[in-house]
Amino acid sequence: MISMREVEKHYGDLHVLRSINLDVPARQVAVVVGPSGSGKSTLCRTINRLEPIDSGEIHVDGQRLPDEGRDLARLRADVGMVFQSFNLFGHHTVLDNVTLAPLKVRRSARAAAREEAMELLARVGIADKADRFPAELSGGQQQRAAIARSLAMRPKVMLFDEPTSALDPEMVGEVLDVMTSLAEEGMTMVVVTHEMGFARCAADRVLFMDGGRIVEDAPPEEFFGSPRGERATSFLASILSH
């Protein structure tokens with residue numbers, strides 16, 4: 001479903017992604033972990049060209065990711081993205097946030113878009129908040145609304161870039177529960193996170209990044225039980241001791 005070949009990315013003199021080669025099959029959940037500045041979020045954001053790459057190729061569902069234009073917009077419609085900062089439209093209700101893209105991009109009928117939006121809001125547990133504005137919701141509820149908004153486009157792939165890092169600790173679980181249910185339903189997912197519990201229980205594989213490279217790629221039981229490299233070992237020791 002996702003294929004990256006020799007992907008390179010710089011920010012000026014900073015070499016952020018180095019020779020990234022990655023294949024994520026359909027229905028697989030790949031969780032990306034690593035220290036701050038290792039390139040995790042940049043890798044995630046290149047998959048739908050939110051971050052342009054310097055060289056290499058990225059394919060989604062067999063199609064090469066275009067640089068720009070309508071073809072890129074069409075491909076992006078198949079790739080849902082959830083950010084750490086929610087990015088909901090504050091002047092729209094939750095229901096309008098979820099129906100906006102299907103109406104404008106998919107040209108869905110209004111009644112059908114509203115019906116599907118209500119089903120998605122029920123799925124993420126906030127159907128009773130449909131007529132509220134984002135500012136009236138907790139952080140966890142806003143993030144669940146953002147997930148529903150992405151799902152409304154019926155994406156083939158879901159990307160999550162630190163989806164719980166802006167949440168209070170008591171709100172993290174409600175978002176991770178929604179993500180875990182998506183994983184169990186077979187959604188193809190790339191998840192950048194510091195939530196090691198989610199990586200253990202929901203990931204098919206864990207990718208450990210350091211210095212712009214994927215330096216370990218293993219099933220969660222192998223990664224957490226016996227990481228191969230010293231860098232991953234020290235990372236896990238520091239993060240799991242808190």
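Per an unreviewed UniProt entry, the chain goes by Amino acid ABC transporter ATP-binding protein and derives from Kineococcus mangrovi. According to the UniProt record, the Subcellular location (unreviewed entry) comment for the chain reads "Cell membrane". Taken verbatim from the UniProt record of the chain, the Sequence similarities (unreviewed entry) comment is "Belongs to the ABC transporter superfamily."

With respect to the UniProt feature "domain: ABC transporter" (unreviewed entry) in the chain
As annotated by UniProt and renumbered to match this structure, "domain: ABC transporter" (unreviewed entry) occupies residues 2–236. Secondary structure over residues 2–236 splits into 38% helix and 26% strand, and the C-alpha atoms at its two ends are 27 Å apart.

With respect to the sheet that holds strand S9 (residues 205–210)
By definition, the strands of a sheet pair up through backbone hydrogen bonds, in either a parallel or an antiparallel sense. Sheet architecture is open: six strands sit in the order S6-S7-S8-S3-S9-S10, paired in mixed fashion. Edge strands, defined here as strands with exactly one partner in the open sheet, are strand S6 (79–82) and strand S10 (213–218). This sheet shows a mean twist of 20° between the axes of neighbouring strands, independent of strand direction.

A closer look at the packing of aromatic side chains
In this structure the tally under the stated criterion is three aromatic pairs. Judged by centre distance (6.1 Å) and plane angle (35°), the rings of Phe208 and Phe223 are tilted. Separated by 15 residues along the polypeptide, Phe208 in strand S9 and Phe223 in helix H8 (residues 220–225) bring together distant segments of the chain. Residues Phe208 and Phe223 agree in their burial class; the two are buried. For the pair Phe208 and Phe235, a centre-to-centre distance of 5.3 Å together with 50° between the ring planes defines the contact as tilted. With Phe208 in strand S9 and Phe235 in helix H9 (residues 230–240), this pair connects stretches of sequence that are 27 residues apart. By relative accessible area, which is 0% here, Phe208 ends up buried. Overall, Phe235 belongs to the buried group, its relative accessible area being 6%.

Reading the values: the criteria
- Residues numbered from 1 in each chain as written.
- Predicted model: local features only at pLDDT ≥ 70, side-chain atom pairs only at ≥ 80, totals over all residues.
- Heavy atoms only, no water.
- UniProt positions renumbered as here; feature names shortened; annotations may be inferred.
- Helix = DSSP H or I, 4+ residues; strand = E, 2+ residues; numbered from the N terminus.
- Pairing = 2+ DSSP bridges.
- Axes fitted to C-alpha atoms, helices over the stretch in contact; angles between N-to-C directions.
- Phe/Tyr/Trp six-rings, centres within 6.5 Å; stacked < 30°, edge-to-face > 60°.
- Buried < 20%, exposed > 50% of the residue type's maximum accessible area, 1.4 Å probe, protein only.

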